[in-house]
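Okay, here's what each chain looks like letter by letter:
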Amino acid sequence: MEVTHNQNCTINKNIEWVFFPPLYSCIICVGLPSNCLAMYGLYRLIKSDYTLPVYIINLLLSDLLHIATLPIWIDFALNKNKWYLGSTACWLVSCIFYITMFSSIFFMCFISLERYLAIVYPLWFQRHRKLRNSILACLALWVLIIFTVSWSVYIGFSVRGNDCLKTIPTPRGFAILQLIVIPLTFLVPLAFLLFCFFRVRQVLASNSFISPQEKRKIYGLLLLIIIIFTTVFGPYHVVSYAVYAGTLVVADSCGYEGRLFHLLQISVGILSLNVLLDPVMYIFLRTDFREILDSGCWGQEQVNRLRNWGRRPRRSDRGRETVHTVSEAVSQRDAV
């Protein structure tokens, strides 16, 4: 996450001392209560006998884990990159930074996939949606991310004296690894999100049973995910790719990384804004705030539909559950 110098390479890091403390402090003040509010909303859904929104819970846990490490990075920046917690703590908080970033990316993809299946393949989705499958998918994702990040941080970071920093110049093996990982964690998810958006748009365009207002709402949700994904994760991945690619071809890799250092650190700060955006997107789009719905801002039909979404069917009704048309299935999910 941070960068320093070795015996033959020195980089000006003044931007970290003035940029990260106020930014991370604001993120903690706003992100912590908003994510806790999201957890409270999920608790109310459970109390109301709703199916547990597994992907949202994992996303919020990732955000809270990221917030928990921000005070450590604030202290590190205020002490002008002096690390006093030991090599194990350095490795751990560095791992958490990348783990939370990658988990947010792929849980965002999971949620888009869920919406895609619900609209494009509603009959299949109604038959195969199981809580167990969602839990297993989330567990598999956590294991994969933790293993990959732990190994890459181990070879790319080091502790020397009071430093907890990325090795500069970047080791060749670490740069090659990142050039492989970055497309897999940005370009591939972006292509997937775009595919979901345009495929859903194609299906809804040929459906005359959904009102234009409802269609715009569905388009808006998927487009919002794409915008947040590109604005939050895009700068970091683009700048990082330029840094790692340049270190392999430029003779003066230290000077090259030094020229891009400030830009890279700004992109790192932008990554943490995801903590503020996740609660907005997933609380207000996927849970039902009864106070808002009961206030009369929505019609009674929409209120009942949203309240019944995700509720476990009664045992006596399970045999009679059938989705008769695509439009009906979409209508059941358009409030998501």
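It should be emphasised that the depicted structure is a prediction, and the values quoted were computed from it without experimental measurement.

Enquirer: Lay out the overall build of the chain in plain terms, naming residues and giving numbers.
Expert: When helices and strands are tallied, the chain shows twelve helices and two strands. The N-to-C order of helical and strand elements in the chain reads α-α-α-α-α-β-β-α-α-α-α-α-α-α. Out of the 336 residues belonging to the chain, those deemed buried represent 51%. Here the contacts in the chain between residues at least 6 apart in sequence split such that 80% fall between residues at least 24 apart. Accessible area for the chain stands at about 16300 Å²; split by element, carbon and sulfur atoms hold 65% of it.

Enquirer: So what's going on with the packing of aromatic side chains? Which residues, and what values?
Expert: Counted under the stated rule, the structure contains 15 aromatic pairs. Aromatic side chains Trp 73 and Phe 76 sit 5.9 Å apart centroid to centroid with 65° between the ring planes, which places their arrangement in the edge-to-face category. Of this pair, Trp 73 and Phe 76 both sit in helix α2 (residues 54-78), separated by three residues, roughly a single helical turn. Like Trp 73, the residue Phe 76 is buried in the burial classification. Between the aromatic rings of Tyr 116 and Tyr 121, the centroid separation amounts to 6.0 Å while the plane-to-plane angle is 75°, which identifies the pairing as edge-to-face. Assessed through its relative accessible area of 9%, Tyr 116 is described here as buried. Residue Tyr 121 is classed as partly exposed on the basis of its relative accessible area of 41%.

Enquirer: How would you explain the side chain of Ser 240 if you had to name every residue and give the values?
Expert: By secondary structure assignment, the location of Ser 240 is in helix α7 (residues 212-249). Judged by relative accessible area, Ser 240 falls into the buried class, the value being 3%. A distance of 2.8 Å separates a polar side-chain atom of Ser 240 from the backbone oxygen of Tyr 236. Aside from chain neighbours lying at most four places away, what touches Ser 240 is Ile 182 and Leu 264.

Enquirer: Any details on the packing of helix α3 (residues 86-120) against helix α6 (residues 172-205)? Residues and values, ideally.
Expert: The interhelical angle for the contact between α3 and α6, taken along N-to-C directions, is 20°, at an axis separation of 10 Å. Of the possible angle classes, the one that applies to α3 and α6 is roughly parallel. Handedness of the crossing formed by α3 with α6: left-handed. Contacts between α3 and α6 pair Phe 102, Ile 105, Phe 106, Met 108, Cys 109, Ser 112, Leu 113, Tyr 116, Ile 119 and Val 120 from the former with Val 181, Leu 184, Thr 185, Pro 189, Phe 192, Leu 193, Phe 195, Cys 196, Arg 199, Val 200, Val 203 and Leu 204 from the latter. Considering only residue class, the contact of α3 with α6 consists of 19 nonpolar, two polar and one charged.

Enquirer: So what's going on with the packing of α2 against α3? Which residues, and what values?
Expert: The geometry of α2 relative to α3 is characterised by a closest axis approach of 9 Å and an angle of 155° between their N-to-C directions. As the angle between them shows, α2 and α3 are arranged roughly antiparallel. Crossing hand, α2 versus α3: left-handed. Each of Tyr 55, Asn 58, Leu 59, Ser 62, Asp 63, Leu 65, His 66, Thr 69, Ile 72 and Trp 73 in α2 lies in contact with α3, whose residues at this interface are Val 93, Ser 94, Ile 96, Phe 97, Thr 100, Ser 103, Ser 104, Phe 107, Phe 110, Ile 111 and Glu 114. Looking at the contact of α2 with α3 residue by residue, the classes come out as eleven nonpolar, eight polar and two charged.

Enquirer: Describe the nonpolar core, listing the residues and the values that go with them.
Expert: Generally speaking, a soluble globular protein has its nonpolar side chains buried in company with each other. Core analysis: the biggest nonpolar cluster contains 70 residues, and Tyr 24 and Phe 233 have the highest contact counts within it. At the level of secondary structure, the elements contributing two or more residues to this core comprise α1 (14-47), α2, α3, α5 (131-156), α6, α7, α8 (253-271) and α9 (274-286). Core analysis: the next-biggest nonpolar cluster, separate from the first, contains six residues, Cys 9, Ile 11, Ile 15 and Ile 168 among them.

Enquirer: Give a description of α7 that names residues and reports values.
Expert: Taking 1.5 Å of rise per residue, 38 residues should cover 56 Å, and α7 covers 52 Å from first to last C-alpha, within 8% of that figure. Where α7 bends most, the angle comes to about 45°, and this point is Gly 234, followed within four residues by the proline Pro 235.

Enquirer: If you had to explain α6 to someone new, which residues and values would you point to?
Expert: A rise of 1.5 Å per residue sets the reference length of α6, with its 34 residues, at 50 Å; its end C-alpha atoms lie 49 Å apart and thus fit the reference within 8%. Leu 184 marks where α6 bends most, by close to 25°.

Enquirer: Describe the state of the cysteines, naming the residues involved and giving the relevant values.
Expert: Covalently bonding the sulfur atom of one cysteine to the sulfur atom of another cysteine gives a disulfide. Throughout the structure, instances matching the rule amount to zero disulfides. We note that Cys 26 lacks a disulfide partner, and the nearest cysteine sulfur, in Cys 29, lies 6.6 Å from it. Cysteine Cys 109 shares no disulfide, and the gap to the nearest cysteine sulfur, in Cys 196, comes to 7.9 Å.

Enquirer: Explain the side chain of Ser 62 residue by residue, including any values.
Expert: Along the chain, the position of Ser 62 falls in helix α2. Not counting residues within four places of it along the chain, the set of residues in contact with Ser 62 comprises Thr 100, Ser 103, Ser 104 and Trp 142.

Enquirer: Outline the environment of Thr 247, listing residues and values.
Expert: Among the secondary structure elements, Thr 247 is positioned in helix α7. What makes Thr 247 buried here is its relative accessible area of 12%. The spacing of Thr 247 and Thr 170 is 77 residues in sequence and 7.0 Å in space, taken between C-alpha atoms. In terms of polar contacts, Thr 247 uses its side chain to reach the backbone carbonyl oxygen of Tyr 244, at 2.7 Å.

Rules used throughout
- Residues numbered from 1 in each chain as written.
- Predicted model: local features only at pLDDT ≥ 70, side-chain atom pairs only at ≥ 80, totals over all residues.
- Heavy atoms only, no water.
- Helix = DSSP H or I, 4+ residues; strand = E, 2+ residues; numbered from the N terminus.
- Buried < 20%, exposed > 50% of the residue type's maximum accessible area, 1.4 Å probe, protein only.
- Contact = heavy atoms within 4.5 Å.
- Areas by Shrake-Rupley, 256 points an atom, 1.4 Å probe, with all protein chains shown as cover.
- Phe/Tyr/Trp six-rings, centres within 6.5 Å; stacked < 30°, edge-to-face > 60°.
- Polar contact = N/O pair within 3.5 Å; in protein donor to acceptor, adjacent residues only side chain to side chain.
- Axes fitted to C-alpha atoms, helices over the stretch in contact; angles between N-to-C directions.
- Parallel < 35°, antiparallel > 145°, perpendicular 65-115°, else oblique.
- Left-handed = near helix turned anticlockwise from the far one by under 90°.
- Nonpolar A, V, L, I, M, F, W, Y, C, P; charged D, E, K, R; others polar.
- Core = buried A, V, L, I, M, F, W, Y, C linked by side-chain atoms within 4.5 Å.
- Expected span 1.5 Å × (residues − 1).
- Bend = angle between axes of the 7 residues up to and from the residue.
- Disulfide = S-S within 2.5 Å.

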